[in-house]
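Now for the letters of each chain:
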Amino acid sequence: MPGKARRAVRRGRHGHAAVRALGLMLGLAVLGGCDSDAVPGADAGAGAPAAGAAPARAWTIPAAPGTIARGARLYAEHCARCHGERGEGAPRWTQRGPDGRWPPPPLDGSGHTWHHDLATLKRVIREGSPAGQGNMPAWGDKLTEEEIEAVIAWFQSRWPAPIRETWLEMNARATRG
Ligand code: HEC
């Protein structure tokens, strides 16, 4: 995304308490019911449900039983120190730090992470910040593809439902190219 547009998006902050509370409730519901939602072999890849279909799953990446819990553990170990315990991001993430770099944004749906399709999310996590822009380390040599997907499944499980649905549509368009 060009720098200007990116900054504009960053300023659009939606850290609404009610939305967060809803996200938390949904997150807990998802964690509680995750096994029943996983249909092995069904819906492989990043495909979205057909238009009008009831959203069968709360997140996009087919989550085998335990995937979200595994993602939560990986997140706590590797990501929470920067992105916050619950993915809430740095307090002043919309402003560059004293070093001129961007602080860690929220991943919990209150920022703009959901503006990125799956391929972009994976790439950011694999490769880290584009040079000079932020201090996000690259994870490609530390986490496997599956582990990266599990972490994404975890933070997506925290997104409020309307955000997940918007993301599913956007991601389906991006995937169709
Ligand atoms: C040392 C601090 C640090 C750690 C640890 C870290 N990140 Fe980040 N992360 C950042 C920063 C800073 C940015 C913003 C980078 C930029 O603008 O280039 C970022 C950006 C991101 C983004 C893009 C978000 C968006 O809204 O555009 C994702 C996704 C992400 N990180 C996921 C992760 C995951 C998953 C982990 C753990 C495996 C992790 N990060 C660990 C600092 C960190």
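Note that this is a predicted model, so its numbers are computed, not measured.

**A short note on helix 4 (residues 67-78)**
Okay, step 1: Between its first and last C-alpha atoms helix 4 spans 16 Å; for twelve residues at 1.5 Å apiece the expected length is 16 Å, and the two agree.
Okay, step 2: Buried within helix 4 we find T67, I68, G71, A72 and Y75. Along the long axis of helix 4, the arc covered by the buried residues comes to 140°, so they all point the same way. Relative to its buried face, helix 4 has exposed residues pointing more than 90 degrees away, namely A76 and E77.

**Comments concerning the site of the ligand**
Okay, step 1: Lining the immediate environment of the ligand, one finds 26 residues, of which C79, C82, S129, G134 and M136 sit closest.
Okay, step 2: Of all the elements in the fold, those that place two or more residues in the shell around the ligand are helix 5 (80-83) and helix 6 (118-127).
Okay, step 3: Tallied by class, residues from the shell around the ligand come to 15 nonpolar, ten polar and one charged.

**Let's talk about the nonpolar core**
Okay, step 1: With 15 residues, the main nonpolar core has Y75, I148, V151, I152, A153, W154 and F155 as its most contacted residues.
Okay, step 2: Taken together, the elements giving at least two residues each to this core come down to helix 4, helix 6 and helix 7 (145-156).
Okay, step 3: No other element matches the seven residues that helix 7 contributes to this core.
Okay, step 4: Counting five residues, the second largest nonpolar core, distinct from the first, contains W159, I163, W167 and L168.

**Some remarks on the confidence of the model for the chain**
Segments scoring low in pLDDT should not have their predicted coordinates read at a detailed level.
Okay, step 1: Mean pLDDT over the chain: 74, with 63% of residues reaching 70 or higher.
Okay, step 2: Looking across the chain, the model is least confident in helix 3 (residues 34-37), with a mean pLDDT of 34, and most confident in helix 5, with 97.
Okay, step 3: Low pLDDT, under 50, characterises residues 3-58; the stretch is placed with 56 contacts to residues that sit more than four places away or in other chains.

**Overview of the packing of helix 4 against helix 7**
Okay, step 1: Remark: helix 4 packs on helix 7, axes separated minimally by 7 Å, with the N-to-C direction vectors making an angle of 95°. Accordingly, the angle class assigned to the pair helix 4 and helix 7 is roughly perpendicular. Seen from helix 4, the contacting residues are T67, I68, R70, G71, A72, L74 and Y75; seen from helix 7, they are E147, A150, V151, A153 and W154.
Okay, step 2: Residue classes in the contact of helix 4 with helix 7 are distributed as eight nonpolar, two polar and two charged.

The rules behind the values
- Residues numbered from 1 in each chain as written.
- Predicted model: local features only at pLDDT ≥ 70, side-chain atom pairs only at ≥ 80, totals over all residues.
- Helix = DSSP H or I, 4+ residues; strand = E, 2+ residues; numbered from the N terminus.
- Expected span 1.5 Å × (residues − 1).
- Buried ≥ 20, exposed ≤ 12 C-beta atoms within 10 Å, placed from the backbone.
- Arc of directions from axis to C-beta.
- Near = placed C-beta within 6 Å.
- Nonpolar A, V, L, I, M, F, W, Y, C, P; charged D, E, K, R; others polar.
- Core = buried A, V, L, I, M, F, W, Y, C linked by C-beta atoms within 7 Å.
- pLDDT = per-residue confidence, 0-100.
- Contact = placed C-beta atoms within 7 Å.
- Axes fitted to C-alpha atoms, helices over the stretch in contact; angles between N-to-C directions.
- Parallel < 35°, antiparallel > 145°, perpendicular 65-115°, else oblique.

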